[in-house]
Amino acid sequence: QSLTAGVFLIIKRPYVIGDRIEINEKCGEVSDITILYTTLLEIDTSKSSGQFTGKLLHIQNRHLFNSTIVNSSTMCGMTWEEISFTITYESKWEKAQREFSNIVKSVVYTFNVEAEAIIKTNKHDFPLMSTEPTFHISPTDYGIDISARFLCPSISARNTKDKIWVKVLQLIESLGEVELAYPTKRVIEDKLVIDNPRTNLTDHTLVSSRHPGNKPHLELKEEFTGLKNRMCEDSFKV
């Protein structure tokens, strides 16, 4: 099977040396192709880093027949990446989106020009598509999510995101009108505690009710003659 797959590699060439591929649930850059094995430089995808781990993977060519081959280098060596962040509803979201789009376009401009030139000269291999980055806004439970989708070389995806994030954080710090949002939880504990063992309210009824502001309120039904003086003498806490 590996021998037959090796012949298939020579004829069909689904990938070549230097391509970033995923085969048999393994991801890496092709460093060597023989009649029986394909050797990959392993790439760490657990944290979306896309960086080399320093390990060599020797995969039998027979896996071409029973697994899907994902080649990230066919689109002129570039892949579509996405980056997003969430701001609070009180922030100036229009200004944030405008500045964010300027940042992304400035970082990936050279990639767009390169990809567009390759697509135009190889129309029979690549479908006609826009290489310009796109931007999207969507509301969430705790803020407004602003995202960008852009084209960049797969080998430098992490460095590209790093450059964008540095400029975004500098922008948020300089504007002062934009704040990052994050999920939060609020726990409200409302208790009625009476710490006075000497107080005996046999003839009076204490009723705890809620008032605006979620503040506990203490009501006394019937007469409370003498209770006022007793409260002055004893520690009565609610």
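Note: the structure precedes this text.
Remember, it's a predicted structure, so these values are computed and weren't measured experimentally.

**Student:** Would you explain the pattern of salt bridges in this entry?
**Tutor:** Any two side chains of opposite charge can pair, so long as their charged atoms come close to each other. The full count for this structure, using the stated rule, is three salt bridges. For Glu 29, the salt bridge is made with Arg 20, and the minimal N-O distance between the two is 3.7 Å. In this pair, the class of Glu 29 matches that of Arg 20, namely buried. Between Lys 95 and Glu 177 there is a salt bridge, with the nearest N and O atoms lying 3.5 Å from each other. Here Lys 95 is found in helix H2 (residues 93-121), whereas its partner Glu 177 is found in the loop between helix H3 (157-175) and strand S9 (205-211), with 82 residues between them in sequence.

**Student:** Would you explain the environment of Leu 171 in this entry?
**Tutor:** Looking at the element boundaries, Leu 171 is found in helix H3. For the pair Leu 171 and Glu 99, spaced 72 residues apart in sequence, the C-alpha separation works out to 7.9 Å. Apart from residues no more than four positions distant in its own chain, Leu 171 is found in contact with Glu 99, Phe 100 and Ile 103.

**Student:** Explain the environment of Cys 27 here, please?
**Tutor:** Take Cys 27: it is sitting in strand S2 (residues 26-33). When the C-alpha positions of Cys 27 and Asp 44 are compared, they lie 7.6 Å apart, and in sequence the two are 17 residues distant. Residues in contact with Cys 27, not counting those within four places in the same chain, are Ile 21, Glu 22, Leu 41, Glu 42, Ile 43, Thr 45 and Leu 57.

Parameters at a glance
Residues numbered from 1 in each chain as written. Predicted model: local features only at pLDDT ≥ 70, side-chain atom pairs only at ≥ 80, totals over all residues. Heavy atoms only, no water. Salt bridge = Lys/Arg side-chain N within 4 Å of Asp/Glu carboxyl O. Buried < 20%, exposed > 50% of the residue type's maximum accessible area, 1.4 Å probe, protein only. Helix = DSSP H or I, 4+ residues; strand = E, 2+ residues; numbered from the N terminus. Contact = heavy atoms within 4.5 Å.

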